[in-house]
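# Structural overview for review
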Amino acid sequence: MKNQHTLGILAVLIGATVWSTGGLCIKLLPYDPYTILFYRSIFAALTFLAFFRQRALTLTPIIGTVGLQYAGLAICFVVATKTTTAANAVLLQYTAPIYVFLLEPILFKFKLTRLNIITVVVCFVGMLLFFAEDLGGGNVKGNLIALLSGVLLAAMMITQRFNRMEHYDAGIFWGNIFIALICLPWYLKSATPTLEHWALFFILGVIQIGVGYMLFNYGLKRTLAIESVLLAMMEPILNPVWVFVGYGEKPGMWTVIGGLVILGMLAVQVIVGEKGRQKPEVQL
């Protein structure tokens, strides 16, 4: 059992690290965001179909909704990464838990805790720091698109609560199919990829989305929720590092400060919230 837990932690950690390579690949590809999205979604959909087969093809109203939400957040993230800095794009997407903490009590009829309110306020301050000095090299349009990706990610996280766990992968599969259909016109006008570009598309679709998702899902079943959430924060931490090393894009000072404020507060929320849930179980 201990070995399974260790494997779970490693899987989540590696999965988050694999996810973090997306920003660099997107920056290196000399294509518009929608052409990149088309190729990535085709590779990702084929990967899910190869691994999950018939299960990936399942389509229900909830799966379709998740797919549309995934398509929206993926499009916003790639467009934001091309428009603003990679650090801004991924860190602003990770504001998603803020909206979940705010909306869950309303949607599921339980009390909004003081910790949730503090988390939302502190993270909102962190978000404002991103807009200081035009986000240290980014721009307002790209930042707003990145914020929208965070809203859509939160919506998908909440919708998945109504979905069956065995259907999670189907939602991502159909999301990639929707993306391919939306981005088809850009693909038809694009130049033929070089061998290097094919390699980057392969990494984005098969490795970053396909393998990254499967590793995270494997680890999620073998770790505590608190562990998986905290380990997943490796993605927004490493994403700008890879982009800086491989592309030379340096995050602005306010981006780093705002990101630390948001990630730090979310970590506190998860740790304290988890302890609060465990407390009644140990009381006599």
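Just so it is clear, the structure is predicted and the values come from calculations on it, not from any experiment. (Residues numbered from 1 in each chain as written. Predicted model: local features only at pLDDT ≥ 70, side-chain atom pairs only at ≥ 80, totals over all residues. Heavy atoms only, no water.)

By the element assignment, Gln69 lies in helix α4 (residues 61–83). Ignoring any residue separated from it by four or fewer positions in sequence, one finds Gln69 in contact with Leu152, Ala155, Met156 and Thr159. (Helix = DSSP H or I, 4+ residues; strand = E, 2+ residues; numbered from the N terminus. Contact = heavy atoms within 4.5 Å.)

Further remarks concern the packing of helix α6 (residues 96–107) against helix α7 (residues 114–130). Describing two packed helices takes the angle between their axes plus the distance from one axis to the other. In the contact formed by α6 and α7, the axes pass within 9 Å of each other and the chain directions differ by 145°. In this structure, α6 meets α7 at a crossing whose hand is left-handed. The residues of α7 that touch α6, namely those facing Ile98, Tyr99, Phe101, Leu102 and Pro105, are Asn116, Thr119, Val120, Cys123 and Met127. Across the contact of α6 with α7, the residue classes tally to 8 nonpolar, 2 polar and no charged. (Axes fitted to C-alpha atoms, helices over the stretch in contact; angles between N-to-C directions. Left-handed = near helix turned anticlockwise from the far one by under 90°. Nonpolar A, V, L, I, M, F, W, Y, C, P; charged D, E, K, R; others polar.)

A few words now on helix α11 (residues 195–220). In an α-helix there are 3.6 residues to a turn, and that puts residues three or four apart on one side. In this model α11 runs 35 Å from its N-terminal to its C-terminal C-alpha over 26 residues, within 8% of the 38 Å that 1.5 Å per residue would give. Where α11 bends most, the angle comes to about 30°, and this point is Ile203. (Expected span 1.5 Å × (residues − 1). Bend = angle between axes of the 7 residues up to and from the residue.)

Here the protein chain averages 85 in pLDDT, and 91% of its residues register 70 or above. Here helix α8 (residues 133–137) stands out as the least confident element of the protein chain, with mean pLDDT 51; helix α3 (residues 33–52) is the most confident, with 96. Overall, residues 279–284 carries pLDDT values under 50, and its contacts beyond four positions in sequence, including any with other chains, amount to 0 contacts. (pLDDT = per-residue confidence, 0-100.)

Let us look at the packing of aromatic side chains. Counted by the stated rule, this structure contains 15 aromatic pairs. Measuring from ring centre to ring centre gives 5.5 Å for Tyr31 and Phe201, while their planes differ by 50°; the resulting arrangement is tilted. Note that Tyr31 is positioned in the loop between α2 (22–28) and α3 and Phe201 in helix α11, a separation of 170 residues in sequence. A single burial state applies to Tyr31 and to Phe201, both of which are buried. When the centroid spacing of 5.9 Å and the interplanar angle of 80° are considered together, the rings of Phe43 and Phe202 count as edge-to-face. (Phe/Tyr/Trp six-rings, centres within 6.5 Å; stacked < 30°, edge-to-face > 60°. Buried < 20%, exposed > 50% of the residue type's maximum accessible area, 1.4 Å probe, protein only.)

This part covers a nonpolar patch on the surface. A surface patch of nonpolar side chains, amounting to about 330 Å² of accessible area, comprises Leu7, Leu10, Ile14 and Tyr218. The dominant element in the nonpolar patch, judged by the number of residues it contributes, is helix α1 (residues 2–19), at 3 residues. Its location among the elements puts Leu10 in helix α1. For Leu10, a relative accessible area of 42% puts it in the partly exposed group. (Patch = residues over 30% accessible without salt bridge, like charges linked within 9 Å, V, L, I, M, F, W, Y side chains within 5 Å. Areas by Shrake-Rupley, 256 points an atom, 1.4 Å probe, with all protein chains shown as cover. Salt bridge = Lys/Arg side-chain N within 4 Å of Asp/Glu carboxyl O.)

Here the focus is the side chain of Ser20. With respect to the helices, strands and loops of the structure, Ser20 is situated in the loop between α1 and α2. Ignoring sequence-local partners within four residues, the contact set of Ser20 consists of Met234, Glu235, Leu238, Asn239 and Trp242.

Right, let's talk about the pattern of salt bridges for a bit. Using the criterion set out here, one finds 3 salt bridges in the structure. The partner of Lys27 in a salt bridge is Glu249, with the nearest N and O atoms 3.0 Å apart. Taken together, the positions of Lys27 in helix α2 and Glu249 in the loop between α13 (234–247) and α14 (253–282) put the pair 222 residues apart, joining distant regions of the chain. Grouping residues by exposure puts Lys27 and Glu249 together as buried. Put simply, Arg55 and Asp169 hold a salt bridge, and the shortest N to O gap is 3.1 Å. Here Arg55 is found in the loop between α3 and α4, whereas its partner Asp169 is found in helix α10 (residues 168–189), with 114 residues between them in sequence.

So, about unusual backbone geometry. Trans is the prevailing form of peptide bonds, just as negative phi is the prevailing case for residues other than glycine. Unlike most non-glycine residues, Arg53 shows phi in positive territory, near 50°. Here Arg53 is to be found in the loop between α3 and α4. Judged by its relative accessible area of 60%, Arg53 is exposed.

Another aspect to go through is the packing of helix α5 (residues 86–93) against α13. Interhelical geometry of α5 versus α13 gives an angle of 170° and a closest axis separation of 9 Å. Comparing the axis directions of α5 and α13 gives the class roughly antiparallel. Two secondary-structure elements touch here, α5 through Ala86, Ala87, Val90 and Leu91 and α13 through Glu235, Pro236, Asn239, Pro240 and Val243. Residues of the contact of α5 with α13, tallied by class, amount to 7 nonpolar, 1 polar and 1 charged. (Parallel < 35°, antiparallel > 145°, perpendicular 65-115°, else oblique.)

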